[in-house]
Amino acid sequence: KQEVTQIPAALSVPEGENLVLNCSFTDSAIYNLQWFRQDPGKGLTSLLLIQSSQREQTSGRLNASLDKSSGRSTLYIAASQPGDSATYLCAVRPGGSYIPTFGRGTSLIVHP
Amino acid sequence: DGGITQSPKYLFRKEGQNVTLSCEQNLNHDAMYWYRQDPGQGLRLIYYSQIVNDFQKGDIAEGYSVSREKKESFPLTVTSAQKNPTAFYLCAITRQGKHFGDGTRLSIL
């Protein structure tokens with residue numbers, strides 16, 4: 001059974017720092033990996049989707065990488081801003097299934 | 001997310017009562033999903049439906065029921081058999097990955 005772990009569970013950084021959020025998974029036979037942002041009391045907003053054949057995806061200040069062989073993905077946030085404060089979740093979809101497994105998320109606070 | 005509407009935003013359940021959460025989508029997608037989110041936990045799948053008039057149990061289906069009579073609608077009923085219903089409920093579709101509604105927060109009166 002796929003297990004998805006996100007470290008750290010919580011992170012507090014000053015504005016302007018570059019930071020890395022980690023997502024690890026136990027079964028490398030994945031179809032894709034997706035990063036989400038969740039604001040308090042809101043649904044999940046898709047940030048980046050990486051297919052199993054890809055190594056990375058970029059959107060603005062966000063860059064997500066995928067290393068299937070080591071079971072890891074990282075979400076890099078450049079020049080963090082207070083508006084980046086949210087919980088970030090990763091979800092791993094296995095090959096042959098539409099049902100992803102979600103990590104518990106990293107709660108990020110960027111203070112001015 | 002645009003195109004996925006959940007209502008109500010907040011819902012309160014009395015002891016022994018069934019309540020129904022609404023999820024509507026105008027994206028013409030076949031597959032729809034219901035997840036439950038508890039504080040500090042990942043999302044857990046309750047039910048999903050790949051086509052109209054068909055649905056499958058997820059990991060925590062006990063105490064819940066669904067129907068899929070129309071492509072655009074996938075309501076979730078939290079029955080009185082669900083003894084710990086307080087949670088945040090999220091509806092999703094699959095379109096180049098998962099996309100979610102804004103959620104319904106259910107509490108006990």
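Preceding this section is the structure that the text describes.
Quick look at the structure, then.

1. Focus: the overall build of chain B
A tally of regular secondary structure across chain B gives zero helices and 11 strands. For chain B, whose C-alpha radius of gyration is 13 Å, the value lies close to the compact-globule estimate of 13 Å for 109 residues. With respect to the three principal axes, the spread of C-alpha positions in chain B is 35 × 25 × 25 Å. Counting only residues that meet the buried cut, chain B has 50% of its 109 residues in that class. About 5,200 Å² of surface is accessible on chain B, with carbon and sulfur atoms providing 46% of the total.

2. Quick word on the pairing of strand β6 (residues 56–59) of chain A
Residue and element names in this part refer to chain A. Sheet analysis places β6 next to strand β7 (residues 62–67), joined by four bridges and oriented antiparallel. Paired with Ser-59 across the bridge in β7 is Leu-62. Where β6 folds back onto β7 in an antiparallel hairpin, the turn is made up of two residues, including Gly-60, whose phi is positive at roughly 60°.

3. Looking at the interface of chain A and chain B
Tallying the contact residues gives 17 residues for chain A and 21 residues for chain B. For the pair chain A and chain B, the summed buried area comes to about 1,500 Å², and 57% of that belongs to carbon and sulfur atoms. Inspection of the region where chain A meets chain B yields zero salt bridges. Summed over the shared surface of chain A and chain B, the number is three residue pairs in polar contact (both at pLDDT 80 or more). Broken down by secondary-structure element, the contributors of at least two residues to the side of chain A that touches chain B are β4 (30–38) and β5 (44–51) of chain A. Among the elements that take part in the side of chain A that touches chain B, β5 of chain A stands out by supplying four residues, more than any other. Its residues assigned to classes, the side of chain A that touches chain B shows eight nonpolar, seven polar and two charged.

Criteria and thresholds
Residues numbered from 1 in each chain as written. Chains lettered and ligands numbered in written order. Predicted model: local features only at pLDDT ≥ 70, side-chain atom pairs only at ≥ 80, totals over all residues. Heavy atoms only, no water. Helix = DSSP H or I, 4+ residues; strand = E, 2+ residues; numbered from the N terminus. Rg over C-alpha atoms; globule rule 2.2 N^0.38 Å. Buried < 20%, exposed > 50% of the residue type's maximum accessible area, 1.4 Å probe, protein only. Areas by Shrake-Rupley, 256 points an atom, 1.4 Å probe, with all protein chains shown as cover. Pairing = 2+ DSSP bridges. Contact = heavy atoms within 4.5 Å. Buried area = accessible area lost by both parts, 1.4 Å probe. Salt bridge = Lys/Arg side-chain N within 4 Å of Asp/Glu carboxyl O. Polar contact = N/O pair within 3.5 Å; in protein donor to acceptor, adjacent residues only side chain to side chain. Nonpolar A, V, L, I, M, F, W, Y, C, P; charged D, E, K, R; others polar.

So yeah, pure geometry; function would need other evidence.
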